[in-house]
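Each chain is listed here by its residues.
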Amino acid sequence: MRQTVEKFGYVEYGASILEPTELYKAKTGEEIINEQTYSFKDRGDRDVTLRPEMTPTVARMIAHKKRELSFPLRWYSIPNLFRYEKPQKGRLREHWQLNVDLFGIENLNAEIEIITIASEIMEAFGAKDTDFEIRINSRKNLQQIIESKIKKTEFYTKAIKLLDKKDKMSEEDFTKLWSEISDESPDFEQNQPQNIKELIEKLNKQDINNVIYDPILARGFDYYTDIVFEIYDTNKENPRALFGGGRYNDLLDIFGAEKVPAIGFGMGDVTIGDFLKTRNLIPEYKPTATLYIAHAEGTDFETINNIAKKIRDIGVNTIVDITDKKVSDQIKRASKENVLYSLTIGEKEIQSGIFSLKNMQTGEMKELQEKELFNELRSI
Ligand code: HAM
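Residues numbered from 1 in each chain as written. Predicted model: local features only at pLDDT ≥ 70, side-chain atom pairs only at ≥ 80, totals over all residues. Heavy atoms only, no water.

Caption draft 1: Structural context of the pattern of salt bridges. Inspection of every chain in the model, using the stated rule, returns 26 salt bridges. Put simply, lysine 161 and aspartate 222 hold a salt bridge, and the shortest N to O gap is 3.1 Å. Of the two residues, lysine 161 sits in helix α7 (residues 156-165) while aspartate 222 sits in the loop between β9 (211-213) and β10 (227-233), which places them 61 residues apart along the sequence. For lysine 161, a relative accessible area of 15% gives the class buried. In this structure, lysine 202 and glutamate 198 form a salt bridge, with 3.2 Å as the shortest nitrogen-oxygen distance. In this pair, lysine 202 and glutamate 198 are both assigned in helix α9 (residues 194-205), 4 residues apart and thus about one turn of the helix distant. (Salt bridge = Lys/Arg side-chain N within 4 Å of Asp/Glu carboxyl O. Helix = DSSP H or I, 4+ residues; strand = E, 2+ residues; numbered from the N terminus. Buried < 20%, exposed > 50% of the residue type's maximum accessible area, 1.4 Å probe, protein only.)

Caption draft 2: Inspection of helix α8 (residues 171-181) at higher detail. Within α8, burial applies to Phe174, Trp178 and Ile181. Axial view of α8: buried residues confined to an arc of 55 degrees, hence all on one face. Away from its buried face, by an angle of more than 90 degrees, α8 presents the exposed residues Glu172 and Lys176. Check the buried side of α8 and you find it contacts α6 (139-149) and α7. (Arc of directions from axis to C-beta. Contact = heavy atoms within 4.5 Å.)

Caption draft 3: Looking closely at the packing of aromatic side chains. Overall, the coordinates contain 12 aromatic pairs when judged by the stated rule. Ring plane angle 75 degrees and centroid distance 6.2 Å describe the contact between phenylalanine 229 and phenylalanine 265, whose orientation is recorded as edge-to-face. Of this pair, phenylalanine 229 sits in strand β10 while phenylalanine 265 sits in strand β12 (residues 262-268); the two residues are 36 residues apart in sequence, bridging distant segments of the chain. By the burial criterion, phenylalanine 229 is buried, and phenylalanine 265 matches it. Within the aromatic cluster, the residues linked to one another by ring pairs are Phe103, Phe221, Tyr223, Tyr224 and Tyr248. Between the NZ or CZ atom of lysine 166 and the centre of the ring of phenylalanine 174, over which it lies, the distance is 5.1 Å. (Phe/Tyr/Trp six-rings, centres within 6.5 Å; stacked < 30°, edge-to-face > 60°. Lys NZ or Arg CZ within 6 Å of the ring centre and 35° of its normal.)

Caption draft 4: Structural context of the sheet that holds strand β13 (residues 291-295). Spatially, β14-β13-β15-β16-β17 is the arrangement adopted by the 5 strands of the open sheet, whose pairing is mixed. Two strands close off the open sheet at either side, each with one partner strand: β14 (318-320) and β17 (365-369). Sheet twist, expressed as the average angle between the axes of neighbouring strands with direction ignored, equals 25 degrees. Bridge analysis of β13 against β14 gives 3 bridges, and the strand direction is parallel. The residue bridging tyrosine 292 from the neighbouring strand is isoleucine 319, located in β14. Helix-sheet contacts for helix α11 (residues 301-313) involve β13, β14, β15 (341-345) and β16 (354-359), and the interaxial angle to β14 is about 175 degrees. (Pairing = 2+ DSSP bridges. Axes fitted to C-alpha atoms, helices over the stretch in contact; angles between N-to-C directions.)

Caption draft 5: Structural view of helix α10 (residues 269-278). α10 sits mainly inside the fold: 7 of its 10 residues count as buried. Buried within α10 are the following residues: Val270, Thr271, Ile272, Gly273, Asp274, Phe275 and Leu276. The secondary structure elements touched by the buried residues of α10 are β7 (94-103), α5 (108-124), β8 (132-138), β10 and β12. Just downstream of α10 lies asparagine 280, where phi reads positive at about 60 degrees.

Caption draft 6: The arrangement of the environment of aspartate 187 in detail. Looking at the secondary structure, you find aspartate 187 in the loop between α8 and α9. On the basis of relative accessible area, aspartate 187 is assigned to the partly exposed category, the value being 43%. In sequence terms aspartate 187 and isoleucine 145 are 42 residues apart; their C-alpha atoms lie 9.3 Å from each other.

Caption draft 7: How the structure looks around the site of the ligand. What surrounds the ligand is a group of 27 residues, the closest being Glu53, Thr55, Glu85, Tyr224 and Thr271. Within the contact set of the ligand, an oxygen atom lies 2.8 Å away from a side-chain nitrogen or oxygen of arginine 219. Elements supplying a minimum of two residues to the shell around the ligand: β7, β11 (243-247), β12 and α10. Counted by class, the shell around the ligand contains 10 nonpolar, 11 polar and 6 charged residues. (Near = heavy atom within 4 Å. Polar contact = N/O pair within 3.5 Å; in protein donor to acceptor, adjacent residues only side chain to side chain. Nonpolar A, V, L, I, M, F, W, Y, C, P; charged D, E, K, R; others polar.)

Caption draft 8: Local environment of the side chain of glutamine 97. Mapped onto the fold, glutamine 97 is located in strand β7. Within polar-contact distance, the side chain of glutamine 97 engages the side chain of asparagine 99 at 2.9 Å. Each residue touching glutamine 97, except ones within four places of it in the same chain, is listed here: Ser77, Ile78, Pro79, Leu81, Arg83, Gly266, Met267 and Gly268.

Caption draft 9: Seen up close, unusual backbone geometry. Proline 72 follows phenylalanine 71 through a cis peptide bond whose omega is 0 degrees. Locating proline 72 in the fold gives a position in the loop between α4 (55-64) and β5 (73-77). In this structure, aspartate 207 is a non-glycine residue whose phi angle is positive, near 70 degrees. Relative to the helices and strands, aspartate 207 is located in the loop between α9 and β9. The phi angle at arginine 219 is positive, at roughly 70 degrees, despite the residue not being glycine. The topology assignment puts arginine 219 in the loop between β9 and β10. Owing to a relative accessible area of 10%, arginine 219 belongs among the buried residues under this scheme.

Spatial relationships are all this shows, so hold off on functional conclusions.
If you want it as C-alpha cells, here you go:
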C-alpha cells in the first residue's frame, strides 16, 4: 500500500489516537458518536475519544497549518481506529485503515487520481478487475432526490443512514423503515448526473472499466459533499466495502480555514484481508533480514559485530546469532527466520579472510574473499 501511494507522491503523516470528543460532533454523524466510539473522561475531566476515523483529524491538522502548506497536498496515513461495533466478519473493534487524501483540487482530476490509486492498490495486491467493483454516486444528487421524497427535512440524515445500511438488511425491514420517513417509493433510478457520467468516461479511458453508477450509494458520514465511492468484492461472500471515500469540500471550514476542497478514501485491513484470503492472494511473508551470521564456538564477537556492521552499512539487513548454541542449531534457526543467506564465521574465516556464503534456499555454498563477499552481498 505504501509503495503504491508513494508512486503517486503521497507523503505519510501521523497523529495521536486520542482526540477531544468534540472533534467528531460536528460532522462525523450521530450514530458513530453515540453508539460506536470509545469515549471517556480523562484525568482532567475532559471528554476524549479513541479516533474512530482519521478524516476529522487530518482536516483539522491541515486547516491549522494551511498557510504553511502548499497545495495541492497529497497525504496518506495507516492509523489504527477504534469503533464499538459488534465484532463480525469484516468488522472488528480495532482495525487499521489506509487513508489517502488529496487537498486543494476542485476539478474531476482529483477524483480520477484518487480512484486510480485505489484501483492500483487492488492491482498491486494481485486482484483482477473482475474481482472487484468500484461503485460511485453523487451525494449532492442523492440529497436532492431524498429531499423531494421525505416527509420532513429533519429526516434527511435518517434517510442517508438507512440507505447506507440497505444492503445489510432485509427488503421488508428496509421498506418498513423507509415508509416511516417517506410516502414515496424508494426508487432512485434516474439518468446519471453529468459529473458521474464524465468521471466514468474518463476512468474508462484510463482502462479502469469496473466502475458503475450506484444511485443509492450514500456513505454514512455527514461531511461528504459530492462524489462518493466504495469498492466491493464481486464475490458476494464478502459483502462489506473494502474502500470507502469521497469528496468533502466543507469540512476544513469548521476548523476556521477558508475553503479547501478535499477528497480521499479509507481502506481497511480486515476487509482486504478477507478479499485476499478468498482469492488466495495473501502475500508471502517476507522476513526483515536477508542474512544470518552464525559463529563457531569461541569466536570473538567483536570481530563478528564489526563484519556485521560493514554488511549492514551496504544495506543488507543482518541478524547476528548471539546464543551459545551449536553451529548446526544456529543454522536451523537461520532457516526458521526464512533468510536468503547465512554465513558462519569462526577463527578459520577470520584468519584466512575467506568466507563461505550459504544460499539457504538451494543449499549452495560459495567460497569468497572478503571483497568478493561484499560484492556478492551488494548484488542481492
Ligand atoms: P469508512 O467507510 O467508515 O470511511 O471506512 C473505510 C473502510 O474502513 C471500510 O470500507 C472498511 O474497509 C474499513 N472499516 C471501517 N470500519 C471497520 C471496522 N469496524 N472493522 C474493520 N474495518 C472497518 C471512513 O472511515 C472515512 N473517514 C474514509 C475517508 C477518508 N473519506 C475520505 N477520506
